[in-house]
Amino acid sequence: MCLSTVDRFRCGPPLWPKRQPWSAPFGVAGESLCLLTRDRRIADSVVGPTQRDSGSGILHGVWGEVSYQAHLPETARIALATDIAFSAAIRRRSSVRPGPWTVRDMPRKATGQELDAVDLFAGCGGLTQGLRLARFRVRLAIDVDHLAATCYRANQDAVELWERDIVEVTAEEILRRFRWKPGSLPLLAGCPPCQGFSALRTLNGGRTVDDSRNDLVKDFCRLALGLRPKAILMENVPGLADDARFESMVAKLRAASYVVRWAVLDAADFNVPQRRRRLILTAGAGFSVPFPSARKRLLSVRRALKALPAAGDSGDPAHDHGERRSASVRRRIACIPLDGGSRTDLSDEQQLACHLKCGGFKDVYGRMSWDNVAPTITSGFVNPSKGRFLHPVEHRAITVREGAVLQTFPQEYHFPMSAGKFPVAELIGNAVPPAFACLQGRAIRKALADATRPHTS
Ligand SMILES: C[S@@+](CC[C@H](N)C(=O)[O-])C[C@H]1O[C@@H](n2cnc3c(N)ncnc32)[C@H](O)[C@@H]1O
């Protein structure tokens, strides 16, 4: 939800004092909830388009073109209200402390003039967030997924977002919309969907996976050739490097006079408390874009999570969602040794029958270690059966907020938890860690500055 365009949100009369409209408690039983907003999309993201349109009685009335009034049943109201109250509270700098990323570990903000950028396949905004820290002004973001778009808008409200299929977007319409000429855009960045190339998808035996999402790499290349940005940044899984479509893209960019470099980098070497090997491609129009140098120090899970309050009672829906597990799974989790233990430490009786049989995926039901980096935060990180996602010492998977912090999202980043923890975890797991994106962005800024600086002899 784009909070900056929300006019008023209140529980019954009287209106809260204008200067602190978010400080009153939400979700008090029996009170009516009233959301006044100028933007129909905000009403949709709060009440949901189905509910708004279905005449279910949840949305009570629509006031002309400009505002919406919602009378919600108590349960919906409480879920919704905590979500919004949290987001609002943090935006008003109330009780929530910033995470380590906003104070010490996050690369310091670059200085200098902001440079325009476009973010293709923008997801929930990880790449945009990092580019902003590197002083890029993302003018346009495109993503086809509604939940990703909702999350993106809630956090990146200054960016124009097209919720569209990129296959149907042309370079000409982008140039026309922003009155740019081919060659004038400083940076085109993007992260085409990578599930099709992912090593995880091939562990079960197949060597290649035919996934139509792989073709979107071609659309990234098509838009790059049409926009002719000064610099290009693309992130993907390492498996893409072995695909003919990647080779073809590199060849096409080189034929268009771009100096292309690519490498597989581990985000853990770039201020991210997580192993995350990713293919990074950079290209400069007639100049090379070197990669940033690796940091000497790894950031541990302990350091990343230490600023978070206890899960379950923090007031943050992304940290308080809890989990439902059968008694036998809970018992099994409690047996995994603290601080880095694995299911292979369990006796045969404690193992699940399927684990004894298949042997593979040794990390499932594993615990993170306090003093190591986390494993790759994938889209299934709230589920311990998907990897080493148990908390180092608590008998539970990490929360959505902990996953987001390990991905280096700032602690105040809003996630639409009313959609459920699994879809939100997918957004987070698919994101480019902002700290990683920031360092790539800064290297690009430097290369752009060097390329335009007049040569002195
Ligand atoms: C790897 S994620 C991008 C993550 C994002 N860069 C971030 O840092 O948060 C890929 C995104 O591509 C989007 N996507 C998939 N197919 C698309 C299409 N045809 N057009 C536009 N977006 C698409 C998905 O919805 C998903 O959000």
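Quick notes on the rules
Residues numbered from 1 in each chain as written. Predicted model: local features only at pLDDT ≥ 70, side-chain atom pairs only at ≥ 80, totals over all residues. Helix = DSSP H or I, 4+ residues; strand = E, 2+ residues; numbered from the N terminus. Buried ≥ 20, exposed ≤ 12 C-beta atoms within 10 Å, placed from the backbone. Contact = placed C-beta atoms within 7 Å. Pairing = 2+ DSSP bridges. Right-handed = clockwise from strand over helix to strand, strands pointing away. Axes fitted to C-alpha atoms, helices over the stretch in contact; angles between N-to-C directions. pLDDT = per-residue confidence, 0-100.

J.: Lay out the overall build of the protein in plain terms, naming residues and giving numbers.
T.: Of regular secondary structure, the protein possesses 15 helices and 11 strands. Within the span of the protein, comprising 457 residues, buried residues form 42% of the whole. Intrachain contacts of the protein at a sequence separation of at least 6 include 69% that bridge at least 24 residues.

J.: Give me the lowdown on the pairing of strand S6 (residues 136-142), citing residues and values where you can.
T.: Burial of S6 is extensive: five of the seven residues sit out of reach of the surface. As paired elements, strand S5 (residues 115-120) and S6 share six bridges and run parallel to each other. When the sheet's bridge partners are listed, Val-118 is paired in S6 with Leu-140. Read as a crossover between parallel neighbours, the route from S5 over helix H5 (residues 126-133) to S6 is right-handed. The pairing of S6 with strand S7 (residues 160-162) spans three bridges and is parallel. Residue pairing in the sheet places Ala-141 in a bridge with Leu-161 of S7.

J.: Any details on the sheet that holds S6? Residues and values, ideally.
T.: Taken together, seven strands build an open sheet; the order of strands is S7-S6-S5-S8-S9-S11-S10 and the sheet is mixed. Each having just a single partner strand, S7 and strand S10 (258-266) make up the two edges of the open sheet. Neighbour-to-neighbour, the strand axes of this sheet turn through a mean angle of 20°, independent of strand direction. Pairing between S5 and strand S8 (residues 187-190): four bridges, direction parallel. Bridge pairing links Asp-119 to Ala-189 in S8. Where helix H9 (residues 244-255) meets the sheet, its contacts fall on S10 and strand S11 (277-285), and the angle it forms with S10 comes to roughly 145°.

J.: Describe the confidence of the model for the protein, listing the residues and the values that go with them.
T.: Overall, the predicted model of the protein reaches an average pLDDT of 77, with 67% of residues at or above 70. Counted against residues more than four places away or in other chains, residues 47-105, with its pLDDT under 50, gives 99 contacts. Predicted confidence is poor over residues 201-209, with pLDDT under 50, and the contacts of this stretch with residues over four places away or in other chains come to six contacts.

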